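Survey of secondary and tertiary structure
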Amino acid sequence: MTMEPVDKKSSSFPVEGIDQRLLFGQNDVFLRIIESNFDGRVIARGEQVTVEGAPHDVDRIVRLLEDLVTRVKQGDMITEQYIHYAISMVKENGFGPASEISTENLLTSALKKAIKPKTVGQSRYVEAVDRHDVVFSIGPAGTGKTYLAVAMAVAELKANKVKRLVFTRPAVEAGESLGFLPGDIRAKVDPYLRPVYDALYDMLQPDKIRKLLDMGVIEIAPLAFMRGRTLNEAFVVLDEAQNTTSAQMKMFLTRIGESSKAIITGDITQIDLDRPQNSGLVRVQKILKGIEGISFVYLTEKDVVRHRLVQKIIKAYERAEKQRRKE
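Residues numbered from 1 in each chain as written. Predicted model: local features only at pLDDT ≥ 70, side-chain atom pairs only at ≥ 80, totals over all residues. Heavy atoms only, no water.

This next bit is on the overall build of the chain. Counting its regular elements, the chain contains twelve helices and eleven strands. Buried residues in the chain amount to 46% of all 327 residues. Partitioning the contacts of the chain with sequence separation of at least 6, the portion at a separation of at least 24 is 69%. (Helix = DSSP H or I, 4+ residues; strand = E, 2+ residues; numbered from the N terminus. Buried < 20%, exposed > 50% of the residue type's maximum accessible area, 1.4 Å probe, protein only. Contact = heavy atoms within 4.5 Å.)

Here the focus is the sheet that holds strand E7 (residues 164–169). Pairing within the open sheet is parallel, and its six strands lie in the order E8-E7-E9-E10-E6-E11. With partners counted over all chains shown, the strands left at the sheet margins are strand E8 (218–222) and strand E11 (294–298), one partner each. In this sheet, neighbouring strand axes are inclined to one another by 15 degrees on average, regardless of whether the strands run parallel or antiparallel. Helix-sheet contacts for helix H6 (residues 145–158) involve strand E6 (134–138), E7, strand E9 (234–238) and strand E10 (261–266), and the interaxial angle to E10 is about 165 degrees. (Pairing = 2+ DSSP bridges. Axes fitted to C-alpha atoms, helices over the stretch in contact; angles between N-to-C directions.)

Another aspect to go through is a nonpolar patch on the surface. Where nonpolar side chains cluster on the molecular surface, the patch consists of Leu309, Ile313 and Tyr317 and spans about 350 Å² of accessible area. For Tyr317, the location among the structural elements is in helix H12 (residues 309–326). (Patch = residues over 30% accessible without salt bridge, like charges linked within 9 Å, V, L, I, M, F, W, Y side chains within 5 Å. Areas by Shrake-Rupley, 256 points an atom, 1.4 Å probe, with all protein chains shown as cover. Salt bridge = Lys/Arg side-chain N within 4 Å of Asp/Glu carboxyl O.)

With antiparallel pairing, the three strands of this open sheet are ordered in space as E1-E3-E2. The open sheet has two edge strands, strand E1 (9–14) and strand E2 (40–45), and neither has a second partner. Each neighbouring strand pair of the sheet contributes to a mean axis angle of 20 degrees, computed without reference to strand direction. Note that E1 and strand E3 (residues 48–53) share six bridges and pair antiparallel. Of the residues in E3, the one forming a bridge with Ser12 is Thr50.

So, on to unusual backbone geometry. Located in the positive-phi region is Asn160, a residue other than glycine, with phi close to 60 degrees. Within the element layout of this structure, Asn160 appears in the loop between H6 and E7. The phi angle at Glu233 is positive, at roughly 45 degrees, despite the residue not being glycine. Assignment of secondary structure puts Glu233 in the loop between E8 and E9. Since its relative accessible area comes to 33%, Glu233 is described here as partly exposed.

It is worth spelling out the environment of Met249 at this point. The residue Met249 is located in helix H10 (residues 246–253) in this model. For the pair Met249 and Pro170, spaced 79 residues apart in sequence, the C-alpha separation works out to 10.0 Å. The residues touching Met249, leaving out its near neighbours within four places in the chain, are Phe136, Leu238, Ala241, Thr244, Ile264, Gly280, Leu281 and Val284.

Listing the buried residues of helix H2 (residues 29–37) in full gives Phe30, Leu31, Ile33 and Ile34. The buried side chains of H2 occupy one side of the element, clustering within an arc of 160 degrees when seen end-on. On the buried face of H2, the contacting elements are helix H1 (20–24), E2, helix H3 (55–73) and helix H4 (80–93). (Arc of directions from axis to C-beta.)

Turning next to the side chain of Asn243. By the element assignment, Asn243 lies in the loop between E9 and H10. On the accessibility criterion, Asn243 (1% relative accessible area) is buried. Within the structure, Asn243 has its side chain in polar contact with the backbone nitrogen of Asp272 (distance 2.7 Å). (Polar contact = N/O pair within 3.5 Å; in protein donor to acceptor, adjacent residues only side chain to side chain.)

This part is about the pattern of salt bridges. Scanning the model with the defined rule gives 15 salt bridges in all. Residues Lys9 and Asp59 are paired through a salt bridge, measuring 2.5 Å at the closest nitrogen-oxygen approach. Here Lys9, found in strand E1, pairs with Asp59, found in helix H3; they are 50 residues apart in sequence, far enough to count as distant. Judged by its relative accessible area of 29%, Asp59 is partly exposed. Of the charged contacts, one joins Glu100 and Arg124 as a salt bridge, the two residues approaching to 3.3 Å between their closest N and O atoms. Here Glu100, found in the loop between H4 and strand E4 (107–108), pairs with Arg124, found in helix H5 (residues 120–131); they are 24 residues apart in sequence, far enough to count as distant. A single salt-bridge network, built from bridges that share partners, covers Arg71, Asp76 and Lys116.

Turning our attention to the confidence of the model for the chain. Averaged over every residue, the pLDDT of the chain is 86; the share at 70 or more is 89%. Confidence over residues 1–5 falls short of pLDDT 50; this stretch has zero contacts with residues more than four positions distant or in other chains. (pLDDT = per-residue confidence, 0-100.)

Let us look at the nonpolar core. In this structure, Tyr125, Met152, Leu165, Phe167, Leu200 and Phe235 are the most contacted members of the largest nonpolar core, which totals 36 residues. Only H5, H6, E7, helix H8 (194–203), helix H9 (206–215), E8 and E9 provide two or more residues apiece to this core. Among the elements that line this core, the one with the most residues is H6, at eight residues. Setting aside chain neighbours within four positions, we find Phe167 in contact with Val150, Ala153, Val196, Leu200, Ile218, Glu219, Ile220, Ala221 and Val237. The next biggest cluster of nonpolar side chains, apart from the first, holds 32 residues, and it includes Phe24, Tyr82, Ala86 and Ile87. (Core = buried A, V, L, I, M, F, W, Y, C linked by side-chain atoms within 4.5 Å.)

What follows is the structure, encoded as structure tokens:
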């Protein structure tokens, strides 16, 4: 009995001038990840790379490797996280993300690390803030909503485009309220605003932050403290906005004064209000849709920049929620 030949394909392309340690990782760890995700084999000989395997996967591997070459030429480090992100993009769209991710640094951190978008969604988020005065960033945990908002705010302050930064969030958490926490108002408020502090300390030296806080150039306060104010020449960030009511959202948005920008971030799958349907972030999407100068940016699990298991966790909860709705 004669076995029918299995379709195989081979494709080669040059990688002249590319440091293959950057391209393939320490001990070719990136190559092993690629081969484990496709039906194909990657062979690197000198400055030539050959891909062999199932025709469809050979084409996808070649597009993936071309994307990685672009990433290296852009001067960006390839990480294991980026490899998995690029693989998912190639499988879904047929092309990698490198050409769509901004290579421009937003800021250099206190540890001399370049802060810039890591995904296509994050790049669109940064572009939206550059072009609009009010931007809503909506997406799951780990997508960089708050971190990038703080980075963009600090960058604007350093460039003297604004005179102060205001960071706020509603003091609403599951099962607790401010009144039951020990200490003065600062001690009560700080735990709710910890993510903002964490991001700031990543971007500025501690003594610089303390000085700016003392001078009032940086203000970190609960949303209730915003009532009755007008915020001129400020970069204002409302974090965890899914926990605002419609009245609170309107109050915040009407605080924005001349020469100011505002970012509103939130995850509408994690609403801690007694009646989630009353979330100001849910309702505002319909109320402000189509208004010039306002942009809504939606991030997904593909934009998660934490541990790659976070993407799988988010997907698992989404599946569970869809199943619950069917029952």
